[in-house]
Amino acid sequence: MTEPILSVTGLGKAFGGVRAVDGVSLEVMPRETVALIGPNGAGKTTFYNMISGRMKPSSGRVRFQGRDITGLPPHAISRLGVSRSFQINNVFTELTARENVEVALTALHGRAFSLFRPASRDRRLLAEADAVLERLGLRPLADTRAGVLSYGDKRLLEIAIVLATRPKLVLLDEPTAGMTPEETRHVTRLIRGLAETGEYTFLITEHDMNVVFDLADRIVVMHRGRLLAQGTPEQIRSDRAVREAYLGEEESA
Amino acid sequence: MNRNASAPSASVAAGAAARPSGWRLAVPLSLVLLLAVLAALPSFAPYFYIFVVTEILIMGLFAASFNLIFGYTGMLSFGHAAFFGMGAYTTAMLLLHVELPLVWALLASMATAALLALVIGFLSVRLSEVYFAMLTLAFGMMVYAVAHQWRSLTNGSDGITGFLLRDFGLGLDLQLADPAVYYRVVLAVVAIAAAVLYLITRSSFGLMLRAISENPERVAFCGIDVRRHRLAAFVIAGLFAGLAGALFAPFNRVASPDMLHWSQSAEPVLMTILGGAGYFLGPFFGAAMFVLLETWITSYTEHWMLFLGIALALLVMFFRRGVLGTLLDRMLRR
Ligand SMILES: Nc1ncnc2c1ncn2[C@@H]1O[C@H](COP(=O)(O)OP(=O)(O)OP(=O)(O)O)[C@@H](O)[C@H]1O
Ligand SMILES: [Mg+2]
């Protein structure tokens, strides 16, 4: 038996009277790709926020590689190897695409307090930044200010920043939201390629069911803050409660 | 979330790659030329202008140190005079009581100012935006009150006077009492300090600061301790403000509580906005405009503040990125 890389027990978050996440327990195994789905407001982003340290849980524990990370600050959780993307583009618009990636690499290589060495002379770091950009097909845009990138390219840069931290566990919050079908296929292929390297464990929220069924080893369904069901894509597809709560809405919409 | 609006980001200066290549040489060449002219100034300009330019250089360093936390890191401090004053008092006291060579007094002033910045910064940098500004203002007022009330140490509102400039140290035989010599010392020290500050803004650390100014949360999710970086920037800024103050006390022949007053904290803010926070030299440019305007306008009218107010209002309305910033933006077509 291998140990789960992520183990969440009884995780809860209340905003005033609203229980956005209500006693969720979940285990994710190393190298697994888990899709977390659920209708709008189900609590998926809040769940991510608690795992990644953006919000402190009202109740429950989060363990990563056997270590309790509940309530640690985001930078500490990131350094342990948990990295997340954001549902809304959250890149550094005033920096170039390469500099965006460099921010993550600088922390990784312990250069964040390197005071007098020009960042532009750090060849190893620049080469690594370019390699990450290359992987996402953003290399030709390396010197472009992120603010003027297209929406889809910003979305890709969002993932590039995440990968640059060399995470073991990657939380992607709707990576293809707002993308064109072609961009969506590109990102899906990319994530599948990364998953196949065996270096990463993915937890992905997505509203696009094609992407979900394409990528997920396992699907977890959230509804009103609770876990409604989990299982293989086939099991979820045929689950009646899920169809009623979620897939039905999706089809009728 | 992007909270870009609160402080002008310094990151535009980063886009060297986007500039036409001719500019790469133009900037260093014009800087060398400027330094040469400044170094030669005493041989053709009257003393009056030497005093004016000395003040511009010192205030420029003060403003540039402020801009490390304002333009680059996105923190608006209203208490930066505390470190300027700390430097001024340290140098004045050391020259008066210990009769140290100037260079050691300058170094000691940087140390005391950095220490004060460490204490104030430790308590302030955890707060964001308005609360940070208010807390730095409050600490600045406290430091002012201490300097004003602790008569036995600081001589109250009269300040520390009567100290003499002897030698510079390092085996250099300089007649510091001669304003032209003191001016050249200030020019050399400010040029070195500015070069070090510039290097810091271009380093990996500087990149972290620019990223923090735009989006501190995302920086944290990249594994970086934002608070420690803010504190480090605050201490470095305090250290260079202390150096500026240390140069100012011998120039002014006094270290007085005025140098710690909150209105003194407003000066680097105004200078930086005048010149432009987006370029490294913006604060120096702003300091020059500020000091020159003040000198000329006060020779015609007593209402210097009124004219400064009008000038600032116009600038904020029509030159959002400061005078130097707007000019360079135009030239570089960014
Ligand atoms: N910071 C907050 N303060 C108050 N309520 C919040 C906060 N964040 C989320 N909520 C509420 O918690 C519930 C869950 O929101 P959450 O964003 O986690 O859902 P989601 O599953 O990510 O939805 P979507 O698919 O639309 O992204 C919603 O009712 C939302 O209004
Ligand atoms: Mg969400």
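Everything that follows concerns the structure shown earlier in this document.
Keep in mind that this is a model prediction, so the values were computed, not measured. (Residues numbered from 1 in each chain as written. Chains lettered and ligands numbered in written order. Predicted model: local features only at pLDDT ≥ 70, side-chain atom pairs only at ≥ 80, totals over all residues. Heavy atoms only, no water.)

Q: How do you make sense of the nonpolar core when you look at a structure like this?
A: Across soluble globular proteins, nonpolar side chains show a tendency to be buried alongside one another. Residue and element names in this part refer to chain B. Grouped together as the largest cluster of nonpolar side chains are 95 residues, with contacts concentrated most on Phe83, Leu102 and Phe234. Among the elements that take part in this core, helix α10 (residues 226-252) stands out by supplying 16 residues, more than any other. For Leu102, the residues in contact, after removing those within four places along its chain, are Thr91, Leu95, Leu165, Asp167, Phe168, Leu176, Tyr182, Val185 and Pro250. (Core = buried A, V, L, I, M, F, W, Y, C linked by side-chain atoms within 4.5 Å. Buried < 20%, exposed > 50% of the residue type's maximum accessible area, 1.4 Å probe, protein only. Helix = DSSP H or I, 4+ residues; strand = E, 2+ residues; numbered from the N terminus. Contact = heavy atoms within 4.5 Å.)

Q: Would you mind going over the coordination of the magnesium ion (ligand 2) with me for this structure?
A: Under ideal tetrahedral coordination, the four donors around a metal are separated by 109.5 degrees; under ideal octahedral coordination, the six donors are separated by 90 or 180 degrees. All names here are of chain A. Bound to the magnesium ion (ligand 2) are the protein donor atoms Thr45 (OG1) and Gln87 (OE1), situated 1.9 to 2.2 Å from the metal. Within this pair, whereas Thr45 is found in helix α1 (residues 44-52), its partner Gln87 is found in the loop between β6 (82-84) and α3 (97-108), the two being separated by 42 residues in sequence. Overall, the relative accessible area of 25% leaves Thr45 in the partly exposed class. You can call Gln87 partly exposed: its relative accessible area is 29%. (Donors = N, O, S within 2.8 Å, 3.2 Å for Na, K, Ca; no water.)

Q: Got a minute to help me understand the side chain of Asp153 of chain A in this structure?
A: Topologically, Asp153 of chain A is positioned in helix α5 (residues 151-164). Beyond its immediate sequence surroundings of up to four residues, Asp153 of chain A is in contact with Leu138 and Leu141 of chain A.

Q: I would appreciate a short explanation of the sheet that holds strand β2 (residues 18-28) of chain A in the present structure.
A: Backbone hydrogen bonds hold the strands of a sheet together, and the pairing may be parallel or antiparallel. Residues and elements named next belong to chain A. In spatial order, the strands read β2-β1-β4-β5; together these four strands make up an open sheet with antiparallel pairing. Strands at the two margins of the open sheet, each flanked by one partner only, are β2 and β5 (67-68). Relative to β2, strand β1 (residues 6-15) runs antiparallel, the two sharing seven bridges. Bridge pairing in β2 links Leu6 to Val28. Running at roughly 115 degrees to β1, α1 makes contact with β1, β2 and β4 (59-64) of the sheet. (Pairing = 2+ DSSP bridges. Axes fitted to C-alpha atoms, helices over the stretch in contact; angles between N-to-C directions.)

Q: Before we go on, may I ask you to explain the environment of Gly121 of chain B in this structure?
A: Residue and element names in this part refer to chain B. Along the chain, Gly121 turns up in helix α4 (residues 102-124). Residues Gly121 and Leu328, spaced 207 residues apart in sequence, show a C-alpha to C-alpha distance of 33 Å. Residues in contact with Gly121, not counting those within four places in the same chain, are Leu231 and Phe234.

Q: Any chance you could explain the sheet that holds β6 of chain A here in plain terms?
A: Residues and elements named next belong to chain A. Sheet architecture is open: six strands sit in the order β6-β7-β8-β3-β9-β10, paired in mixed fashion. Two strands close off the open sheet at either side, each with one partner strand: β6 and β10 (226-231). Averaged over neighbouring strand pairs, the angle between their axes works out to 20 degrees when direction is ignored. In terms of strand pairing, strand β9 (residues 218-223) meets β10 through five bridges, oriented antiparallel. In the sheet register, Ile219 faces β10, and the bridge partner there is Gly231. The sheet strands contacting helix α6 (residues 181-196) are β3 (33-37), β7 (169-173) and β8 (201-205), and the helix crosses β8 at an angle near 155 degrees.

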